Amino acid sequence: MTKQHHFIVRHAAVLGAGVMGAQIAALLAAAGIQVTLFDLAAESGDKNSIVRQAIKNLKKLKPAPFATVESLLDIRSANYDDDLELLKQQDIIIEAVAERMDIKTALYNKIAAFVNPHAIIASNTSGLSVNQLAEALPAAIRERFCGIHFFNPPRYMKLVELIPTQHSSKQILEPLETFLVSTLGKGVLYAKDTPNFIANRIGVFSLLAIFHHAQQFNIPFDVADQLTGPLLGRPKSATFRLADVVGLDTLLHVIKTMDDNLADDPWKQYYAIPSWLENLVKEGALGQKTRKGIYVKQGKAIHVLDLANNEYRLADQQADPEVVKILRTKDITERFTALRNSSHPQAQFVWATLRDLFHYSAYHLEDIAETTRDVDFALRWGFGWAEGPFAVWQLAGWQAISKQITADIADKKTMADAALPEWVNKEKGGYSADGAFAPSITKYLPRSNAQVYQRQSYPEPVLGEGYDEGETIMETDDVRLWHQGDDIAILSFKTKMHTIGDGVLDGILQSVELAEESFKALVLWQRGGNHFSVGANLKEFAETVMTGKLDVLERGVYKFQRASLALRYTMIPTVAAIKGFTFGGGCELSLHCSRIVAAMETYIGLVEVGVGLLPAGGGCKEFALRAAQHSQNFQHNDPLLFMKKYYELIAKGQTSMSALHAKQIGYLRPSDVIVFNENELLYVAKQQAHAMAESNYRPMMRPHINVAGRDGKATFEMMLVNLREGNFISDYDFLIGSKIAHVMCGGDVDRGTIVDGEWLLRLEREAFVELASQEKTQQRIKHTLETGKPLRN
């Protein structure tokens, strides 16, 4: 039997230290890959100074393109004059130089002799022909070359378009897809080698259609943004703000690529660059990067370009309430009918942009992608749309919308007179129970069955897709305990943002008991949403506090602590599979599990100080325990040496900027596991649970904790005094910080006293209830509920 070749990436090179190249290097470094970043040699001084400056500049970008600042130290600097020999060590080489065919091909000629015989070479081109690029490489390398188009910012944008050439070998494409999906956490779509591929082709066309119809219907830019943002299920940046974010010069280049390469396109008139856009670029008003573009901030106010006089005015014009009401109509069929039938220019504008989007997407589908699913995911993952064009079209009534588009074509209301493709009228939609429509073979195709996707039980669905929901063991209004036909029980919260209230705590306690009776392990994993848990149900909590039911509050805190301890001391392993916001009580529950499996984009923290409280679900106790364990490991008898970092995490309410950062600052343990693709969370969590169960898992013994006592509390209070005197904290912050120190240091005891967990949990409860009874804490809670922001009083 022939052994399957595994594509292992130990070393990667990125060619080009521009904004994208440097960020791709940071992404690879976060994944534990040894990265070498190349650029031109500097004319004088340090020949690698261009690359070093590019890495340094990453620290200024927001949101942060790196998982930890320290990971940037793992990026090696190199230049094309002295360091091409380093390419012989690389398993993958990603070219990310300027979007010019001559620059790219000249670089390929320069590096070809140094490429590792087994290395994959890929261009991060956003729209140039990868077949044309391949011709610049020796024949022996061409089968290992393709396009991989990351979206900006590459750490956060899920989409990567994989563009094979006519020479690309399947033997490199499949392992490369696996690497991108599992190691880097991306959503991979195969695109055909056409200008701007899938996402930019459709997404930029949508922008151009909006540009065109905004002028046609005399819709100001700020009003157009109100109509084409969240009201259409798109990001707040909408259209014209998005253009500023992307960069008007970049957008102009993408439009020019379409204009130069799509001579026979029925919508070619849309590719004419608007004069206002050309003028802004000539003036150097390129958008966000120059702090002036379509929008500009003047003082504290946002101004927008007004084409009526070509001057900036206050961006305060509003969409008509009548049209907003239509766009908020719950029934999507009624919404589209109302849009098309309305005589209001703003409604006609929205209908025209959507009509053109549907028409264009259907007309070009066969040229640019395999299925409707590819187009819809491209817009969801690359542009942040809630749904892609084919899903929206089908939800709105496929045949009715098709007839309306055909009628508009006949009435010369559309710029393009091309008929809808024949398949549109033959089929009942872009999706069926069999999958997504593929026009080249006129069939509906299921998702890829590649091995990497077997790790994803519940990938993001497209229209009509459903997944096996497993078998329910126990279900309440707040939680569901279920399994997938094996010996691992799964607990999922059903509350909004997975908040933790009395019902969830009851559910945890019952689930631990049921799982221990009949299953080998218990996994905490949330079925829907972007977050593990935002913590306690603050509204429920506030009602208890404001009515002065402190006895009820103390019983609730006690129950929370029992739930945490149940997860810690059950005889089966417990695994928390976390992602996104994992705040407060959500953090505390996960800290008490046998192991945490965290998605890379996990923002975890004990944030209770923000509402004038301290962690009382075992968080303070847990960090005191970890400090004591560290002191034992290093053969110190003084936990205070290790307490400071844990104290500051709680006192500052610090949250991690990534799962790697969480491990670095102490929320995650060395044994906790990080996965890049959040769709693999459940799979990896279950694998970890199985491994522990099969290793004769036993919970940790009830701990004996060496505490810092009065001396430790005094040390932390001295820190707080300095902060208060410097006006960094308020008197009330001082009180909260002092309470945290009191609990974590074990209360009014001598340094070196040995206490048990229950001692610290009692101190947590007492301090929590005392703080909850304070007027200033109640003010903080009220303010947060009303504004969503913390109050410092």
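Okay, so let's go over this structure. If you're wondering where the values come from, they're calculated on a predicted model, not measured in any experiment.

### Here we look at the overall build of the chain
For the chain, the count of helices and strands is 29 helices and 23 strands. Over its C-alpha trace the chain gives a radius of gyration of 29 Å, about what one expects of a compact globule, namely 28 Å for 793 residues. The principal-axis extent of the C-alpha atoms belonging to the chain is close to 85 × 65 × 60 Å. Among the 793 residues that make up the chain, the fraction classed as buried is 58%. Of all intrachain contacts in the chain linking residues separated by at least 6 positions in sequence, the fraction that spans at least 24 positions is 70%. If you sum the accessible surface of the chain, you get close to 34200 Å²; carbon and sulfur atoms cover 50% of it. Across the chain, 84 positive and 92 negative side-chain charges occur, with their mean positions spaced 2 Å apart.

### A closer look at the sheet that holds strand S14 (residues 443–445)
Spatially, three strands are ordered S12-S13-S14 in an open sheet, and the strand pairing comes out antiparallel. The open sheet is flanked by strand S12 (431–432) and S14, the only strands paired with a single partner. Here two bridges tie S12 to strand S13 (residues 435–438), and the two strands are oriented antiparallel to one another. Bridged to Tyr431 within S13 is Ala436.

### Regarding the packing of aromatic side chains
For the structure shown, the criterion picks out 33 aromatic pairs. Ring plane angle 25 degrees and centroid distance 4.2 Å describe the contact between Phe221 and Phe240, whose orientation is recorded as stacked. Taken together, the residues span a long stretch of sequence, with Phe221 in helix H8 (residues 221–227) and Phe240 in helix H9 (residues 240–246) at a distance of 19 residues. Here the two residues Phe221 and Phe240 agree in accessibility, since each one is buried. Judged by centre distance (6.1 Å) and plane angle (90 degrees), the ring pair of Tyr458 and Tyr467 falls under edge-to-face. Grouping aromatic residues by their ring pairs yields a cluster made of Phe336, Phe358, Phe390, Trp393, Trp398, Trp423, Phe437 and Tyr444. A cation over a ring is seen here: Arg234 above Trp385, with NZ or CZ 3.8 Å from the ring centre. Directly above the ring of Tyr569 sits Arg702, whose terminal nitrogen or CZ lies 3.9 Å from the centroid.

### Observations concerning helix H21 (residues 584–591)
Within H21, eight of the eight residues are buried, leaving the element largely enclosed by the surrounding structure. Among the residues of H21, those classed as buried are Gly584, Gly585, Gly586, Cys587, Glu588, Leu589, Ser590 and Leu591. Summarising the contacts, the buried residues of H21 are in contact with strand S17 (488–493), helix H18 (502–518), helix H20 (550–569), strand S19 (574–583), strand S20 (595–605) and helix H22 (619–633).

### Regarding the environment of Arg340
Summarising the element assignment, Arg340 is placed in helix H13 (residues 332–341). C-alpha separation for the pair Arg340 and Ala25, spaced 315 residues apart in sequence, amounts to 47 Å. Apart from the residues within four sequence positions on either side, Arg340 is in contact with Trp351, Gln404, Ala407 and Asp408.

### Brief notes about the pattern of salt bridges
Taken as a whole, this structure holds 48 salt bridges when the rule is applied. Among the ionic pairs, Arg313 bridges to Asp306, the shortest N-O distance being 3.0 Å. Because the salt bridges share partners, they merge into one network encompassing Arg340, Arg355, Asp356 and Asp408.

### Thoughts on empty space enclosed by the protein
Throughout the structure, instances matching the rule amount to three cavities of 30 Å³ or more. If you add up the space inside the largest cavity, you get close to 60 Å³. If you go around the largest cavity, the residues you meet are Gly203, Ser206, Leu207, Ile210, Thr228, Arg234, Ala238, Thr239, Leu242, Phe383 and Trp385. Counting residues per element, the lining of the largest cavity draws most heavily on helix H7 (residues 199–216), which supplies four residues. Counted by class, the lining of the largest cavity contains six nonpolar, four polar and one charged residues. Empty space within the second largest cavity amounts to approximately 40 Å³. If you tally residues by element for the lining of the second largest cavity, the top one is S19, at three residues.

### Description of the sheet that holds strand S10 (residues 301–306)
Taken in spatial order, the three strands line up as S9-S10-S11 in an open sheet, and their pairing is antiparallel. Sheet topology places strand S9 (295–298) and strand S11 (311–314) at the edges, where each strand pairs with a single neighbour. Taking the axes of each pair of neighbouring strands and ignoring which way they run, one obtains an average angle of 40 degrees across the sheet.

Calculation criteria
- Residues numbered from 1 in each chain as written.
- Predicted model: local features only at pLDDT ≥ 70, side-chain atom pairs only at ≥ 80, totals over all residues.
- Heavy atoms only, no water.
- Helix = DSSP H or I, 4+ residues; strand = E, 2+ residues; numbered from the N terminus.
- Rg over C-alpha atoms; globule rule 2.2 N^0.38 Å.
- Buried < 20%, exposed > 50% of the residue type's maximum accessible area, 1.4 Å probe, protein only.
- Contact = heavy atoms within 4.5 Å.
- Areas by Shrake-Rupley, 256 points an atom, 1.4 Å probe, with all protein chains shown as cover.
- Lys, Arg positive; Asp, Glu negative; His and termini not counted.
- Charge placed at Lys NZ, Arg CZ, Asp CG, Glu CD.
- Pairing = 2+ DSSP bridges.
- Phe/Tyr/Trp six-rings, centres within 6.5 Å; stacked < 30°, edge-to-face > 60°.
- Lys NZ or Arg CZ within 6 Å of the ring centre and 35° of its normal.
- Salt bridge = Lys/Arg side-chain N within 4 Å of Asp/Glu carboxyl O.
- 1 Å grid on protein atoms, 1.4 Å probe; cavity = no way out; pocket = protein on both sides within 12 Å on 5 of 7 lines; lining within 4 Å.
- Points joined across faces, edges and corners; volume = space filled by probe spheres on them.
- Nonpolar A, V, L, I, M, F, W, Y, C, P; charged D, E, K, R; others polar.
- Axes fitted to C-alpha atoms, helices over the stretch in contact; angles between N-to-C directions.

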